[in-house]
Amino acid sequence: MTELMTPPRSGGCRNAPVLKQRGQREVFCGLTGIIWLHRKMQDAFFLVVGSRTCAHLLQSAAGVMIFAEPRFGTAILEESDLAGLNDAHAELDREVATLLARRPDIRQLFLVGSCPSEVIKLDLTRAAERLTQQYAPKVRVLDYSGSGIETTFTQGEDACLASMVPVLPTTEARNLVVVGALPDVVEDQMLALIDGFGIDTVHVLPSRTIDSDIAIGANTVFALTQPFLGDTHAALIRRGARHIAAPFPMGEEGTTAWLTAIAAEFGVSDEVFETVTSAPRRRARQAVAKAAETLNGKSVFFFPDSQLEIPLARFLTRECGMTALEVGSPYIHDAIHGPDLDLMPAGPQISEGQDVDLQLDRCREARPDLTVCGLGLANPLEAEGLSTKWAIELVFTPVHFYEQAGDLAALFARPLRRKSILGVAAE
Amino acid sequence: MKLTVWTYEGPPHVGAMRVATGMKGLHYVLHAPQGDTYADLLFTMIERRDHRPPVTYTTFQARDLGADTAGLFKKACQDAYDRFKPEAIIVGASCTAELIQDDPGGLAETMGLPVPVIPLELPSYQRKENFGADETFFQIVKHLAKPTEKTARVSCNVIGPTALGFRHRDDVAEITNLLFELGIEVNVTGPMGATPSDIARMGQAHFNVLLYPETGEMAARYCEKEFGQPYTKVVPIGAGATHDFIAEIRAMSGSTVQLDDDRLRQTWWSRSVDSTYLTGKRVFIFGDGTHVKAAARVARDEMGFEVVGLGCYNREFARDVRALAKEYGVEALITDDYLLVEKTIEDLQPEMILGTQMERHIGKRLGIPCAVISAPVHVQDFPARYSPQMGFEGANVLFDTWIHPLVMGLEEHLLHMFRDDFEFNDAAGPSHHGGAVQHAKPEPETAPEAATADNVIWLRDAERELKKIPFFVRGKARRNTECYAAENGVFEISVDTLYEAKAHFAR
């Protein structure tokens, strides 16, 4: 590890008091994860069992409609389904039959629960078991909940991955499973780094198709690339796998720390580690330094959104010279977020959950140079003179690992640069 | 259950949000789970609004369901009042809250808030966004508008515009100006721009101008009955409809002021010789009922297009649109199934689509130009410039935006003559659009099939000849030829059949 990675002298944030408020939460529900998961898993279809609101959310959440025929859809519940006039399971079977007939390329079908399906207690697990029997071996049917009453935004991916863990084959072999949906190009970079370490039994979850030979067992170790995978983490531990705790691979330092933890687990020599990482580390530092010129000395305020907030705040404070005023996250898991909290210099208010009106009051009071928030808040805050970065872009853009470290910093620098180009007086 | 890929309308509470967000001094307390707040971004991102929609969501979670969601609602309602001090509050439930049956209206009523509280019943599992807007505005008018004396001078209300409406901002400006020129004052415009106290004095107007039946007809009918205010039936989209609208206004108001319509350039632009190439272009029209009805008239009577199909996604207008289709000699497509619309367009092979953002994407996929005439909206439907659809300027805007996607007159000829030019050819698309036009859909392969009674095959030579026809008319040629072959019992299409068909369909 480098000298940089030592915990801050002032102490980290792991034991800082956490502000917890209850009120209106301005966040997406877990269905949103389908937007990227359906692209990541190329033989999967996501069938939401829900309402018109769910369908409307899916086409609005990304801000754009993806009109290539998407591998997701909504089975919209109608009055007759609710009044018990229809057998919901028979209806679902019929929709699934139509769907699979039209899309013979589909190998995995996820039945995704929503707020209404949960409230009327539609048992999708039973439906998934029945449909699996019917369509096996060609199609595997699983279920998870992406409902707003159960999940917040990225937790949808967590629920989806967690639903896959129990059906993965068992192995006694020692292997490394890297968990979290990454853009293909980033995943390939990550695999190349690990391959460079000489670790050859590596699997990723989710894999791009159902045909991957991923297996889990008592000799499996796993690393998370996304900080919102709490349930998947628990499900893997239940299967006997062991978690390699580490800061998340965002920024040069985070990536190095993450790789260091894996290298230590597999007994990779310092020499090999240096050979594999020195060039990309240098590039990452260079690229980050450029964007950091804009960010250095500026303050940042995070509204809770994706659970990426803590690793991102660690990156911005340690590598880009920013000061965090508040770091809000929908949920904080010590086992997952702890290593990043250890590294983040003490000072910011850490908050979990949200009362959006009270948090807006704090944000206006603090007048940060940059506010990271959801799409519903960004333009209103800009109109009040605050610079904003939409949080969802951080989920939809390749930001992990060395080669993207500069892009990640640049995402935060862009709103500030734009303001200065347009000659808007800094507040 | 009904499988849906894309939806033309959101749920009804989004319609209520469009009313609340358009108005001022009104607040909406919505009993809804977390996640439903996504609807805020429709307004802040698509419409670029600089304020949050005036909506408080209770955002209940699973753990609240076993506890006290009713208490949560009352707290949210009280907090919203204390913080925003609105003149009136509307309360309602989203789809999930409807299932837990907390009765937001009843709960809010017991709270003794010092402002009017208007309960909304919007059945999420039966109705959609337009109904939600229409019903919400009706309830607001019913609760707040009181009978009063009419204004001394002739005045009217302008009814229907909402937040997130297709060009509502500019239509209102255009029509307000037109009414002003006719010597008529606008008493209240609503929902967009109105406060609850404005709504209270709607009864002062002599009549109502209903711009958008989708979102204002129930209120207009109510005012007709309660306040004796007749309302306009013509929606002034297109030159002809604008003239009819003016005539209707004159009849209602007695205005005899002469109007200067020099600004209406569209009629001459259409008659000028450059526009000859527009003649008989085959168009397919799809959108909300009101815009489709207006667009059909403009397309046929003012642009000289041929309407080959039309339809709407809002069932409330099915009867009107069916009648219209009959008048145009085509079949009406009444559906909110995006895939069915796509299939219909693919079958009809029009030269142009007048549709919504959804049809724009269908057009992109099929290589058919499309101009957007109706909601659902996209960020590009909120242009920075003034761009109404209604009134004289609206007619000008329609002309420009509808011909923009097309290949222009002389260019069309050149493409016919020299289709193999390496840089100015078929696949390059209209030259004023740069090189980006992609025609992703390959020509269907037909060779391997055998000819049967219900299956016509193309012989190799004919297929090759067909490819010499420029892309923007190739679909039509294919369709016409197959039609001709089927009618004449020809199972194999030769080059001769192709030209026989061309002569047959010549116009």
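Draft legend 1. Highlighting the overall build of chain A. Counting secondary structure elements, chain A contains 17 helices and 14 strands. By the compact-globule yardstick of 22 Å for 427 residues, chain A fits well, its C-alpha radius of gyration being 22 Å. Projecting the C-alpha coordinates of chain A onto the three principal axes gives extents of approximately 60 × 55 × 40 Å. For chain A, buried positions account for 62% of its 427 residues. Surface summary for chain A: the accessible area is close to 15,500 Å², and the carbon and sulfur share equals 52%. Across chain A, the centroid of the 39 positively charged side chains sits 3 Å from that of the 54 negatively charged ones.

Draft legend 2. The arrangement of the state of the cysteines in detail. A full pass over the atoms with the stated rule returns zero disulfides over all chains. In this structure A:C115 is not part of a disulfide, and its nearest cysteine sulfur, from A:C29, lies 6.2 Å away. Of the cysteine sulfurs around B:C95, a residue in no disulfide, the closest is that of A:C54, at 5.9 Å.

Draft legend 3. Here's a closer look at helix α9 (residues 230–238) of chain A. All names here are of chain A. Buried within α9 are the following residues: G230, T232, H233, A235 and L236. Among the structural elements, α7 (155–164), β6 (175–179), β7 (202–205), β8 (220–224), β9 (242–243) and α13 (334–343) are those in contact with the buried residues of α9. Looking one or two residues past α9, G240 carries a phi angle of roughly 95°, positive in sign.

Draft legend 4. Up close: the nonpolar core. Ranked by internal contacts, the top residues of the largest apolar core, which has 172 residues, are A:F46, A:F110, A:W258 and B:Y28. It is helix α17 (residues 402–421) of chain A that provides the largest number of residues to this core, a total of eight residues. Beyond its immediate chain neighbours, meaning those up to four positions away, A:W258 contacts A:V178, A:M190, A:I194, A:A223, A:L224, A:T225, A:A246, A:P247, A:F248, A:P249 and A:F401. By size, the runner-up hydrophobic cluster in this structure holds 56 residues, among which are B:M192, B:V307, B:A325 and B:I403.

Draft legend 5. Layout of the domain arrangement of chain B. Residues and elements named next belong to chain B. In terms of domain boundaries, chain B breaks down into domain 1 (12–130), domain 2 (145–253), domain 3 (266–413) and domain 4 (457–506). Domain 1 and domain 2 are separated by 28 Å when their C-alpha centres are compared. On the side of domain 2, 15 residues touch domain 1, which itself brings 16 residues to the contact. Interface area, domain 1 with domain 2, both sides summed: about 1,200 Å², of which 63% is carbon and sulfur. Counting across the domain 1 and domain 2 interface gives zero salt bridges. Linking domain 1 with domain 2 are six residue pairs in polar contact (both at pLDDT 80 or more).

Draft legend 6. The arrangement of the environment of B:Y212 in detail. Residue and element names in this part refer to chain B. Among the structural elements, Y212 can be located in the loop between β8 (207–210) and α10 (213–227). Taking relative accessible area as the criterion, Y212 reaches 3% and is therefore assigned buried. Once residues lying within four places of it in the same chain are set aside, the contact partners of Y212 are I159, G160, P161, F166, R167, H168, D171, E217, H291 and M390.

Draft legend 7. Spotlight on the interface of chain B and chain A. Between chain B and chain A, the contact holds 53 residues from the first and 63 residues from the second. In total, chain B and chain A occlude about 5,300 Å² of area from one another, counting both sides; carbon and sulfur atoms represent 60% of this. Of the charged contacts, one joins B:D336 and A:R52 as a salt bridge, the two residues approaching to 3.8 Å between their closest N and O atoms. Here chain B is connected to chain A by 25 residue pairs in polar contact (both at pLDDT 80 or more). Considering each element in turn, the side of chain B that touches chain A owes the most residues, five residues, to helix α2 (residues 39–46) of chain B. Of the residues contributing to the side of chain B that touches chain A, the split by class is 24 nonpolar, 15 polar and 14 charged. The pairing of strand β3 (residues 72–76) of chain A with strand β1 (residues 2–4) of chain B spans three bridges and is antiparallel. Directly across from A:I76, in β1(B), lies its bridge partner B:K2.

Cut-offs used in this document
The numbering scheme is per chain: residues are counted from 1 as the chain's sequence reads. As a convention, the first chain written is A and the first ligand written is 1, with the rest following in written order. Reporting in this predicted model follows two pLDDT cut-offs: at least 70 for local features of residues, and 80 or more for side-chain atom pairs to be given and counted; totals over whole chains, interfaces and linings ignore these cut-offs and use all residues. To obtain the side-chain values, all non-hydrogen atoms of the structure were included, while hydrogens and water were left out. Strands are runs of DSSP state E lasting at least two residues, helices are runs of H or I lasting at least four, and both sets are numbered from the N terminus onward. Within these notes, the globule rule equals 2.2 Å times the number of residues to the 0.38 power, and the radius of gyration is based on C-alpha atoms. Accessibility here uses a 1.4 Å probe with only protein chains present; expressed as a share of the type maximum, an area under 20% marks a residue as buried, one over 50% as exposed, and anything in between as partly exposed. The Shrake-Rupley method, run with a 1.4 Å probe, gives the accessible areas here. Residue values count only the displayed protein chains as cover. The charged-residue count follows a simple rule in which Lys and Arg add positive charge and Asp and Glu add negative charge, with His and chain termini not counted at all. Here the site of a charge means atom NZ of a Lys, CZ of an Arg, CG of an Asp or CD of a Glu. Two cysteine sulfurs form a disulfide in these notes if their separation is within 2.5 Å. Should any heavy atoms of two residues lie within 4.5 Å, those residues are considered in contact. In this text, buried Ala, Val, Leu, Ile, Met, Phe, Trp, Tyr and Cys residues form a nonpolar core when linked through side-chain atoms within 4.5 Å. For the domains described, the bounds stem from an automatic or database domain assignment. The term buried area means the drop in 1.4 Å probe accessible area that two parts suffer when joined, counted for both and summed. The term salt bridge refers to a pairing of a side-chain nitrogen on Lys or Arg with a carboxyl oxygen on Asp or Glu at a separation within 4 Å. We define a polar contact as two N or O atoms separated by no more than 3.5 Å, with the added condition that, inside protein, one atom must be a possible hydrogen donor and the other a possible acceptor, whereas residues neighbouring each other in sequence contribute only through side-chain atom pairs. As a working rule, the residues Ala, Val, Leu, Ile, Met, Phe, Trp, Tyr, Cys and Pro are called nonpolar, Asp, Glu, Lys and Arg charged, and the rest polar, with Gly in that last group. Strand pairing follows a simple DSSP-based rule, namely that at least 2 bridges must link the two strands.

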